[in-house]
Amino acid sequence: MNTHLLTAALDAAERGWHVFPLRPGAKPPALHGEQSCRRTGDCTTGHRKWEQRATTDPDRIRQAWAAGPFNIGIATGPSGLVVVDLDLPKSNSSADTPSGVTTFKALCERTGQAAPSTYRVRTASGGEHLYFTAPSGVRLANSAGRLGSLVDTRAWGGYVVATGSIVHDSTYNVVDPAPVVQLPAWLLDALKPAQRTAQPLRLAIPKHGSRAADTALAREAAAIKAAEEGRREAQLFQSARSLGRFVAWGDIPRHVVEEAFQSAGESTGLPASQCRSTLRSALNWSIRTCRPRQTT
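Read on for a plain summary of the structure. (Residues numbered from 1 in each chain as written. Predicted model: local features only at pLDDT ≥ 70, side-chain atom pairs only at ≥ 80, totals over all residues. Heavy atoms only, no water.)

1. Overview of the packing of helix α7 (residues 232–248) against helix α8 (residues 254–267)
Consideration 1: The N-to-C vectors of α7 and α8 enclose an angle of 160°; their axes lie 10 Å apart at closest approach. Taken together, α7 and α8 sit at an angle that is classed as roughly antiparallel. The two elements α7 and α8 cross, and the hand of that crossing is right-handed. Of α8, the residues touching α7 (which contributes L236, S239, A240, L243 and V247) are R254, V257 and F261. (Axes fitted to C-alpha atoms, helices over the stretch in contact; angles between N-to-C directions. Helix = DSSP H or I, 4+ residues; strand = E, 2+ residues; numbered from the N terminus. Parallel < 35°, antiparallel > 145°, perpendicular 65-115°, else oblique. Left-handed = near helix turned anticlockwise from the far one by under 90°. Contact = heavy atoms within 4.5 Å.)

2. Observations concerning the packing of helix α6 (residues 211–226) against α7
For any two helices packed against each other, the geometry comes down to the angle between their axes and how far apart the axes lie.
Consideration 1: It is at 9 Å that the axes of α6 and α7 come closest, and there the two elements cross at 175°. Judged by the inter-axis angle, α6 sits roughly antiparallel to α7. Residues A212, A213, A216, L217, E220, A223 and I224 of α6 form the contact with α7, whose own contacting residues are Q235, L236, S239, S242, L243 and F246.
Consideration 2: Partitioned by chemical class, the residues of the contact of α6 with α7 number 9 nonpolar, 3 polar and 1 charged. (Nonpolar A, V, L, I, M, F, W, Y, C, P; charged D, E, K, R; others polar.)

3. Quick word on the pattern of salt bridges
Two side chains that carry opposite charge are able to pair once their charged atoms sit near each other.
Consideration 1: What the rule picks out here adds up to 7 salt bridges.
Consideration 2: Notably, a salt bridge pairs K90 with D87, separated by 3.4 Å at the nearest N-O pair.
Consideration 3: Across the pair R219 and E220 runs a salt bridge, and its minimum N-O distance is 3.8 Å.
Consideration 4: A relative accessible area of 47% places R219 in the partly exposed class.
Consideration 5: For E220, a relative accessible area of 11% corresponds to the buried category.
Consideration 6: Via salt bridges that share partners, R120, R122 and E128 belong to a single interconnected network. (Salt bridge = Lys/Arg side-chain N within 4 Å of Asp/Glu carboxyl O. Buried < 20%, exposed > 50% of the residue type's maximum accessible area, 1.4 Å probe, protein only.)

If you want it as structure tokens, here you go:
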């Protein structure tokens, strides 16, 4: 047993943070997926994903880490955390691309706010994680680039790699052991999901395609809007893939699908940039792999 990793997992749980094992030396969860789930143990009543299985129970943690030198994941939502992830530019980025740390400092200066003093972790890549207590009464989801380039956040539906974990021979280390402070109001305002209308949103679906394409577009747009939190991006992806064939067949213009689904996605609180990226990827795949229309 790797006592260092076990101790780090227990220390995190002592703080009230819900942990689960990650693959040794890596970041992905070391748990079975839904396709291979045998519906036994924790999954007897249905497959339980990493966010549901994350725990603060010392006995369960000891049992899990007795099986191998797992890295440690902290499920931020159940742990009552919002973590700001300040990343470094990728190797293929231009030389003048600022790091997430630089971008976040500039954001603080631009908004007239002091850089928050809170629990801070240096990641294996050299970036930083800033830990904050999640606000009460607001359920924040992950964000990507909403605060700035290379500045992401992890909340419900997300996790971070905990201190003590080792990736690419580099260890996640605490660089500021300050107490975890409440998420500042100005950051909360920037991360709050868009206000949803009190009345059911009525999406105006333009009639630019065949009757079947228009019907499918309206149905899938409604499905995106109705998707539960944690499933919204997946539904957007699935719906875009479903409509791609109509675009490929020439039944409906691509921009009509993109505009309708972008509006539906943003109405659920998904960031605009995330919607655009998801739609582009899903539609490109669907159009590229679409089979010719079957004729009778």
